[in-house]
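A look at the structure
So you can see what is in the structure, the chains are spelled out below.
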Amino acid sequence: AQSVTQPDIHITVSEGASLELRCNYSYGATPYLFWYVQSPGQGLQLLLKYFSGDTLVQGIKGFEAEFKRSQSSFNLRKPSVHWSDAAEYFCAVGPISGGYNKLIFGAGTRLAVHP
Amino acid sequence: EAGVTQFPSHSVIEKGQTVTLRCDPISGHDNLYWYRRVMGKEIKFLLHFVKESKQDESGMPNNRFLAERTGGTYSTLKVQPAELEDSGVYFCASSPRRRNTGELFFGEGSRLTVL
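Residues numbered from 1 in each chain as written. Chains lettered and ligands numbered in written order. Predicted model: local features only at pLDDT ≥ 70, side-chain atom pairs only at ≥ 80, totals over all residues. Heavy atoms only, no water.

1. With respect to the overall build of chain B
The secondary structure content of chain B amounts to 0 helices and 11 strands. Relative to its length of 115 residues, chain B is compact, with a C-alpha radius of gyration of 13 Å against a globular reference of 13 Å. Each of the three principal axes of chain B carries a C-alpha extent, and together these read 45 × 25 × 20 Å. Scored against the burial criterion, the 115 residues of chain B give a buried share of 48%. Considering only intrachain contacts with a sequence separation of at least 6, the fraction spanning at least 24 residues in chain B is 52%. With the model as given, the accessible surface of chain B reaches about 5800 Å², and the carbon-plus-sulfur share is 46%. (Helix = DSSP H or I, 4+ residues; strand = E, 2+ residues; numbered from the N terminus. Rg over C-alpha atoms; globule rule 2.2 N^0.38 Å. Buried < 20%, exposed > 50% of the residue type's maximum accessible area, 1.4 Å probe, protein only. Contact = heavy atoms within 4.5 Å. Areas by Shrake-Rupley, 256 points an atom, 1.4 Å probe, with all protein chains shown as cover.)

2. Some remarks on the interface of chain A and chain B
Across the contact, 23 residues belong to chain A and 24 residues belong to chain B. Summed over both sides, the interface of chain A with chain B buries roughly 1800 Å², with 50% coming from carbon and sulfur. When residues of chain A are sorted by the area they lose upon contact with chain B, Asn101, Lys102 and Phe105 of chain A head the list and together hold 28% of the total. Connecting chain A to chain B are 2 salt bridges. Residue Glu88 of chain A pairs with Arg37 of chain B through a salt bridge whose shortest N-O separation is 2.8 Å. (Buried area = accessible area lost by both parts, 1.4 Å probe. Salt bridge = Lys/Arg side-chain N within 4 Å of Asp/Glu carboxyl O.)

3. Quick word on the sheet that holds strand β8 (residues 75–79) of chain B
All names here are of chain B. The sheet built from 4 strands is open, its strands ordered β1-β3-β8-β7 with antiparallel pairing. What marks the edges here is a single partner per strand, and that holds for β1 (5–7) and β7 (65–68). Going from strand to strand, the sheet's axes swing by 15° on average, the running direction of each strand aside. Judged from the 3 bridges that link them, β1 and strand β3 (residues 19–24) form a sheet pairing that is antiparallel. When the sheet's bridge partners are listed, Gln6 is paired in β3 with Cys23. (Pairing = 2+ DSSP bridges. Axes fitted to C-alpha atoms, helices over the stretch in contact; angles between N-to-C directions.)

4. Concerning the nonpolar core
It is characteristic of soluble globular proteins that their nonpolar side chains tend to be buried jointly. Among the nonpolar cores identified, the biggest contains 27 residues, and Leu19, Trp35, Leu47, Leu48, Phe74, Leu76 and Tyr89 of chain A are the most heavily contacted of them. Those elements that provide at least two residues to this core are β2 (10–14), β3 (19–21), β5 (32–38), β6 (44–50), β8 (64–68), β9 (73–78), β10 (87–94) and β14 (109–114) of chain A. The element that contributes the greatest number of residues to this core is β10 of chain A, accounting for 4 residues. Apart from residues no more than four positions distant in its own chain, Leu76 of chain A is found in contact with Leu19, Glu20, Leu21, Trp35, Leu47, Leu48, Phe63, Glu64, Ala65 and Tyr89 of chain A. Grouped together as the second largest cluster of nonpolar side chains are 21 residues, Val4, Val19, Ala67 and Ala82 of chain B included. (Core = buried A, V, L, I, M, F, W, Y, C linked by side-chain atoms within 4.5 Å.)

Laid out in structure tokens, this is it:
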């Protein structure tokens, strides 16, 4: 079955500390992988995506993610967290075909940032 | 450019009542998707429109849910009669059919509480 697992429901880090959010997927075909963020009162916003090529992808707001096929993982990282990064983060996988996208999401990781 | 807008942002109804959620996609986006998140779990796909046509409604829970997209513009999702397990956040997203970058553009969601 196709699925996305985000093992950490809730993570708390101090401002300025590094961050890694885990994502593991189960998908039968070549995956297209995404990270979305939902800040309070806002919709989900795309942080970054991986389709092919370089397995380390850069996104907005200083985030990056690394695709590891052997581990079926697509972990999100940021070297120094800012208070404004407090939000909920969702990993997603899916096909991109026929001009549309049908994504499978994980349950999300809620990030709290201590000053 | 206006983003995806959803109305209402929060609806509280009693079991057995009817609720209609509305989504206005980004202008020009042929693809429109409905997703749902129940009680902090995964965001799950409900259905997908291309213009006014339903392309995939494999995620619709049961026949109490009816989605429409008249004229290929805004969409409505009606729940009739509502049950307790329908509580959750309903997200709408849109994307262009041509020059598809893989990104879904999400609204802020409509939170439904069934008492």
